[in-house]
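Observations on the three-dimensional arrangement
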Amino acid sequence: PTTSTSTSTMKCAITSVATAFLLSGASAFTVPQTGITTISRSPCLPTQPTVDTPQTPSTSRFSPLFMGRAAAVRAATKGKTDAKKAKVNGYYGKKIIMAVKAGGSADPQANRQLGEVIKAAKQNSVPADNISRAIKRATDKDAGDFAESTFEAYGYGGASLVVNVLSDNPNRSNADVKFAINKNNGKIAESGSVLFMYDLKGKIEIPSVVDEEDLLMAAIDNDVDDMELVEGDEEGTSIVYTDPKETGAMFEAVKSLGLEEGARMSLTYVTKAPVECSEEDFDKNMIIIEALEELDDVDSVVNNMSN
């Protein structure tokens, strides 16, 4: 009888504990909070401490860290694109002023040189408002007389630089270019000592990858004899080099393929003697180039570095 009573009492106690446990909302399978030592209690099992291991944060493509990096890359790319676009717009604004003054007329029909510059500006996506403002500015008495000039220089590791300038103040541009080069330990070269290592070429920058065979057929259809297709400076872009006299025809070939959107046309110097610099020398040369490109009077800077 005593044994029966004890067994009944034990069953009752277990039932009471189980009922209280369920009513409390707890469970032996409840996931404890991260980083807190908890004790899981079960009416049928001995008490065992369980310690959670904190999860290591991961850098997924949707994490704030990843998105911050991506935003920084996009901002940097957009900044470079905007700066390049501003340079192009400024360059053609000056060229329009030069053409109006040289031709003596603001009418592109009467001034052939002006008409050609306006055509080139439109092909390089210069806004119509910018073109109109430049023509109006050219007729003002206070408009400066712009002139083109070229500076030659040496950098690090055998690199050479050709600096193209378009300015209405030769004294200012001369001082600014020399200061930017000398400050960064470059060296101004004598006239002709660098340019003989370069060829003047027509250049068309296309913001997409171009099929070489398709472009070659389009070039032949537009009577272009000289054409070279290379990868652009940025991923997913292309550059076409051609004879300066065939630049317009080459651009028409690009248009025939439907690739004129965002394409830019210009004349540039291309090295005949490329030099591969060390990483350290390359970085130092880029500091010189970036300092020059920040100058308002500098149109472009070309170099002979192959890396």
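In what follows, the structure referred to is the one given above.
Reference entry: report on the structure contained in this document. Everything quoted here is computed from the prediction, not taken from an experiment.

**Quick notes on the overall build of the protein**
Secondary structure assignment for the protein yields eight helices and 10 strands. Going through the 307 residues of the protein one by one, you find that 30% of them count as buried. Considering only contacts in the protein between residues 6 or more positions apart, those separated by 24 or more positions represent 65%. Accessible surface, the protein: about 19,500 Å² in total, of which carbon and sulfur atoms supply 54%.

**Notes on the sheet that holds strand β4 (residues 160–167)**
Strand order in this open sheet of four strands is β5-β3-β4-β10, and the pairing throughout is antiparallel. Whereas interior strands pair on both sides, the edge strands pair on one side only; in this sheet they are β5 (187–188) and β10 (298–303). Two strands pair when backbone bridges link them, and strand β3 (residues 147–154) and β5 are joined in this way by two bridges, in the antiparallel orientation. Its bridge partner lying in β5, Y154 is registered against K187.

**With respect to the sheet that holds strand β7 (residues 227–231)**
Taken together, the four strands give an open sheet; going across it, the order is β7-β8-β6-β9, and neighbouring strands pair in antiparallel fashion. Strand pairing shows two members of the sheet lacking a second neighbour, β7 and β9 (264–271), which therefore form its edges. The mean angle between the axes of side-by-side strands here comes to 35 degrees, regardless of whether they run parallel or antiparallel. Sheet topology places strand β6 (residues 198–206) next to β9; eight bridges connect them, and they run antiparallel. Within the sheet, the bridge partner assigned to E205 lies in β9 and is R264. Along the sheet, helix α6 (residues 212–221) makes contact with β7 and β8 (238–242), crossing β7 at roughly 155 degrees.

**Some thoughts on helix α4 (residues 128–138)**
Buried within α4 are the following residues: I131, A134, I135 and A138. All buried residues of α4 project into a common sector of 100 degrees when viewed along the axis, lining one side. In α4, the exposed positions angled more than 90 degrees off the buried face are occupied by D129, R133 and K136.

**A word on the pattern of salt bridges**
The final tally for this structure, using the stated rule, is nine salt bridges. Put simply, D297 and R172 hold a salt bridge, and the shortest N to O gap is 2.9 Å. Taken together, the residues span a long stretch of sequence, with D297 in the loop between α8 (279–293) and β10 and R172 in helix α5 (residues 170–183) at a distance of 125 residues. Given a relative accessible area of 34%, R172 falls into the partly exposed group. Through salt bridges with shared partners, a single network forms among D168, R172 and D297.

**Considering a nonpolar patch on the surface**
On the surface, L216, M217 and I220 cluster together to form a nonpolar patch covering roughly 280 Å² of accessible area. Tracing the chain through its elements places I220 in helix α6. Since its relative accessible area comes to 47%, I220 is described here as partly exposed.

**Some thoughts on the side chain of K94**
One can find K94 in helix α2 (residues 64–103). A polar contact of 3.0 Å, which involves the side chain of K94, links it to the backbone oxygen of L166. Side-chain polar atoms of K94 contact the backbone oxygen of D296, separated by 3.0 Å.

**Topic: unusual backbone geometry**
Even without glycine at this site, S125 takes up a positive phi of about 65 degrees. The residue S125 is located in the loop between α3 (112–123) and α4 in this model.

**Things to note about the packing of aromatic side chains**
Taken as a whole, this structure holds one aromatic pair when the rule is applied. Seen in terms of ring centroids, Y91 and Y92 are 5.1 Å apart; in terms of plane orientation they differ by 80 degrees. Their pairing is edge-to-face. Each of the two residues, Y91 as well as Y92, counts as buried.

**What about the pairing of β6?**
Here five bridges tie β6 to β8, and the two strands are oriented antiparallel to one another. Note that in β8 the partner of I204 across the bridge is V240.

Each value, and the rule that gives it
Residues numbered from 1 in each chain as written. Predicted model: local features only at pLDDT ≥ 70, side-chain atom pairs only at ≥ 80, totals over all residues. Heavy atoms only, no water. Helix = DSSP H or I, 4+ residues; strand = E, 2+ residues; numbered from the N terminus. Buried < 20%, exposed > 50% of the residue type's maximum accessible area, 1.4 Å probe, protein only. Contact = heavy atoms within 4.5 Å. Areas by Shrake-Rupley, 256 points an atom, 1.4 Å probe, with all protein chains shown as cover. Pairing = 2+ DSSP bridges. Axes fitted to C-alpha atoms, helices over the stretch in contact; angles between N-to-C directions. Arc of directions from axis to C-beta. Salt bridge = Lys/Arg side-chain N within 4 Å of Asp/Glu carboxyl O. Patch = residues over 30% accessible without salt bridge, like charges linked within 9 Å, V, L, I, M, F, W, Y side chains within 5 Å. Polar contact = N/O pair within 3.5 Å; in protein donor to acceptor, adjacent residues only side chain to side chain. Phe/Tyr/Trp six-rings, centres within 6.5 Å; stacked < 30°, edge-to-face > 60°.

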